[in-house]
Amino acid sequence: MSPDTARWLADALLALHVGVVLFVVGLLPLVLAGGALGWRWVRRFGLRAAHLGLMLFIAAQAWLGQLCPLTVWEQDLRRLAGQSGYRESFIEHWLSRLLYWEAPWWVFVAAYTAFAGLVGLAWWWVRPLKARTP
């Protein structure tokens, strides 16, 4: 693979990762607001199952001390492109750069776990509709 291709793929993967983060973080307030306002789309079972599953996966990775597979893949592509990677998690790296804030790993574990708990509670507060069978 050429360095230019690896760089392009790493950037595309970063954009996908940002999209996943926006989905996971942004859907929770939409679900809560939508539940109160009667928006039916926030009760779609597949959407909610994907949201809960992703958040549980993220929290489990943090508890196991594992980096997100998207982060690992992006770092490998950046090395192939001749760029330097980073050692911490995607969120820790980019949020610390954005907010000039650094924290030990356990803070991120606690934050991911708390957020997963909120997503789980939202499943109860705004119950998804049962999945339809074909």
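This text goes with the structure placed above it.
A few points on the structure. (Residues numbered from 1 in each chain as written. Predicted model: local features only at pLDDT ≥ 70, side-chain atom pairs only at ≥ 80, totals over all residues. Heavy atoms only, no water.)

On to helix α2 (residues 45-63). Taking 1.5 Å per residue as the helical rise, α2 with its 19 residues ought to reach 27 Å, and the 27 Å between its terminal C-alpha atoms agrees with that figure. Buried residues of α2: Arg48, His51, Leu52, Met55, Ala59, Gln61 and Ala62, and no others. Those residues of α2 hidden inside the fold are in contact with α1 (3-37), α3 (69-80) and α5 (105-125). Phi for glycine 65, located one or two positions after α2, is positive at around 70 degrees. (Helix = DSSP H or I, 4+ residues; strand = E, 2+ residues; numbered from the N terminus. Expected span 1.5 Å × (residues − 1). Buried < 20%, exposed > 50% of the residue type's maximum accessible area, 1.4 Å probe, protein only. Contact = heavy atoms within 4.5 Å.)

Evaluation of the coordinates by the stated rule reveals 3 salt bridges. For the salt bridge of glutamate 74 with arginine 78, the shortest nitrogen-to-oxygen distance reads 2.9 Å. Placement of the pair is glutamate 74 and arginine 78 together in helix α3, with a separation of 4 residues, close to one helical turn. For arginine 78, a relative accessible area of 10% translates into the label buried. Residues aspartate 76 and arginine 79 are paired through a salt bridge, measuring 3.1 Å at the closest nitrogen-oxygen approach. On the criterion of helical spacing, the pair formed by aspartate 76 and arginine 79 is a turn pair, its members being 3 residues apart in helix α3. (Salt bridge = Lys/Arg side-chain N within 4 Å of Asp/Glu carboxyl O.)

Right, let's get into the packing of α2 against α5. For the pair α2 and α5, the least separation of the axes is 9 Å and the interaxial angle reads 155 degrees. Overall, the two elements α2 and α5 adopt an arrangement that is roughly antiparallel. Both α2 and α5 take part in a crossing whose hand is left-handed. Packed against α2, whose contacting residues are Phe45, Arg48, Ala49, His51, Leu52, Met55, Leu56, Ile58, Ala59, Ala62 and Trp63, the element α5 presents Trp105, Val109, Tyr112, Thr113, Phe115, Ala116, Val119, Gly120, Ala122 and Trp123 at the interface. Partitioned by chemical class, the residues of the contact of α2 with α5 number 17 nonpolar, 3 polar and 1 charged. (Axes fitted to C-alpha atoms, helices over the stretch in contact; angles between N-to-C directions. Parallel < 35°, antiparallel > 145°, perpendicular 65-115°, else oblique. Left-handed = near helix turned anticlockwise from the far one by under 90°. Nonpolar A, V, L, I, M, F, W, Y, C, P; charged D, E, K, R; others polar.)

Such coordinate-based values are descriptive only and should not be taken to indicate function.
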